[in-house]
Amino acid sequence: MSSDVSASPSPAQQGSAQQRGSAQPTALYGGQGTRRVTVRDLAAAKARHEKWPMLTAYDALSARVFDEAGIPVLLVGDSAAMVVYGYESTLPVTVDDLVPLAAAVVRGARRAMVVADLPFGSYQASVPEALATAARFMKEAGVQAVKVEGGRRILPQVEAMVAAGVPVMGHLGLTPQSVNAFGGYRVQGRGEDGEQLLADAKALEAAGAFSVVLECVPDELARRVTAALSIPTIGIGAGEGTDAQVLVWQDMAGLTPHTAKFVKKYADMFTLLGDAAREFADEVVSGAFPTPDYSYK
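These numbers were taken from a predicted model, which means no experiment stands behind them.

**Q** Help me understand the side chain of aspartate 243 in this model?
**A** Within the element layout of this structure, aspartate 243 appears in the loop between strand S7 (233-236) and strand S8 (244-247). On the basis of relative accessible area, aspartate 243 is assigned to the buried category, the value being 12%. Among the polar contacts listed, one links the side chain of aspartate 243 to the side chain of lysine 46, at a separation of 2.9 Å. Ignoring sequence-local partners within four residues, the contact set of aspartate 243 consists of Lys46, Glu50, Lys51, Trp52, Thr226, Ile231, Pro232 and Thr233.

**Q** I keep staring at the nonpolar core and nothing clicks. Help me out?
**A** As a rule of thumb, nonpolar side chains are buried together in soluble globular proteins. Within the largest apolar cluster, 61 residues are counted, with the highest numbers of intra-cluster contacts made by Leu74, Phe137, Met161 and Leu214. No other element matches the eight residues that helix H5 (residues 95-108) contributes to this core. In this view, leucine 214 contacts Leu172, Leu197, Ala222, Val225, Thr233, Ile234, Gly235, Ile236, Ala238 and Thr242; residues no more than four positions away in its chain are not counted. Counting 18 residues, the second largest nonpolar core, distinct from the first, contains Trp52, Ala145, Ile234 and Ile236.

**Q** What exactly am I supposed to notice about the UniProt feature "binding site: 3-methyl-2-oxobutanoate" (unreviewed entry) in the protein chain here?
**A** UniProt records the feature "binding site: 3-methyl-2-oxobutanoate" (unreviewed entry) for Asp78, Ser79, Asp117 and Lys147 in the present numbering. Taken along the chain, the residues just named run across 70 residues; in space they keep tight, none of their C-alpha pairs more than 12.4 Å apart. Among the secondary structure elements, serine 79 is positioned in the loop between strand S2 (73-76) and helix H4 (80-83). With a relative accessible area of 11%, serine 79 lands in the buried category. Excluding its chain neighbours within four sequence positions, the residues that come into contact with serine 79 are Thr56, Tyr58, Thr90 and Val248. By the element assignment, lysine 147 lies in strand S4 (residues 145-147). A relative accessible area of 3% means that lysine 147 is categorised as buried. When neighbours within four sequence positions are excluded, lysine 147 is seen to be in contact with Leu75, Val115, Ala116, Asp117, Leu118, Met169, Gly170, His171 and Val213.

**Q** What should I look at first to understand helix H6 (residues 127-141) in this one?
**A** The terminal C-alpha atoms of H6 lie 21 Å apart, and with 15 residues this matches the ideal 21 Å at 1.5 Å per residue to within 8%. Of the positions making up H6, those classed as buried are Ala130, Thr133, Ala134, Phe137 and Ala141. Looking straight down H6, one finds its buried side chains confined to an arc of 95 degrees; they lie on one side. Within H6, the exposed residues directed more than 90 degrees away from the buried face are Pro128 and Lys139. Its buried side turned inward, H6 meets H5, strand S3 (113-117), S4 and helix H7 (155-163). For H6, the N-terminal cap is serine 126; the gap from its side-chain oxygen to the backbone nitrogen of glutamate 129 is 3.1 Å. At the exit of H6 stands glycine 142, carrying a positive phi of roughly 85 degrees.

Thresholds applied
Residues numbered from 1 in each chain as written. Predicted model: local features only at pLDDT ≥ 70, side-chain atom pairs only at ≥ 80, totals over all residues. Heavy atoms only, no water. Helix = DSSP H or I, 4+ residues; strand = E, 2+ residues; numbered from the N terminus. Buried < 20%, exposed > 50% of the residue type's maximum accessible area, 1.4 Å probe, protein only. Polar contact = N/O pair within 3.5 Å; in protein donor to acceptor, adjacent residues only side chain to side chain. Contact = heavy atoms within 4.5 Å. Core = buried A, V, L, I, M, F, W, Y, C linked by side-chain atoms within 4.5 Å. UniProt positions renumbered as here; feature names shortened; annotations may be inferred. Expected span 1.5 Å × (residues − 1). Arc of directions from axis to C-beta.

Structure (structure tokens):
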């Protein structure tokens with residue numbers, strides 16, 4: 001088939017097609033395919049008003065689970081600073097920390113596009129720095145795109161990366177790498193700030209970004225930005241009017257005890273894993289595990 005996607009069968013129909021050995025599913029969400037999702041696929045989905053999900057991933061096993069669930073885009077976020085490395089913010093994580101995680105996600109996913117965050121301090125200073133960091137993620141980890149935070153102040157970096165062949169995802173609104181400048185994790189884009197955010201979004205599109213994440217902005221503003229851009233918008237705490245939605249997978253699955261208002265927990269993995277650990281421990285202490293069934297002769 002062509003490199004673009006056009007039709008939109010249901011996830012169930014897509015799964016059945018895969019079992020029959022057909023070509024890649026044509027909708028972004030659902031099933032598996034023989035090639036990676038591309039930036040052209042995302043643009044085509046926006047053109048036909050198809051919404052799609054994105055999740056974070058930081059290792060091969062979770063990437064495989066989400067890939068087989070049909071998630072079309074996986075983000076190796078600098079949120080790994082908190083959910084993997086235990087820091088209180090995204091700021092301490094480094095390129096050396098994230099590249100191995102990104103490589104693992106690429107190895108674990110066959111169909112999903114893998115996007116890597118460029119961490120704080122790895123691209124803001126200059127165009128050469130941004131190019132060098134993006135090149136590391138693409139060459140060493142094999143990601144298909146990178147994500148950067150900020151608007152017009154980083155346009156030279158975005159333009160240079162796009163010109164060098166690096167697909168770039170933007171990120172506006174609450175940009176966690178600027179949390180100290182914001183004075184905390186606060187909703188962004190209210191009042192006159194909304195016009196500045198809209199201008200930043202248009203500038204990122206003009207610079208060649210293929211999509212823009214909108215984090216913690218009012219629903220009405222996110223709708224305006226989405227309508228004004230020809231590239232997809234990806235919401236996280238931005239209401240229902242964006243083209244796609246993203247969550248940190250540990251938040252989505254209920255592993256993190258404290259989350260933001262915009263997080264819906266689709267499972268209670270914290271309790272589930274805790275119960276499993278306690279049951280294992282109890283059986284070890286009592287001698288109930290291992291039984292002969294779990295032993296070699």
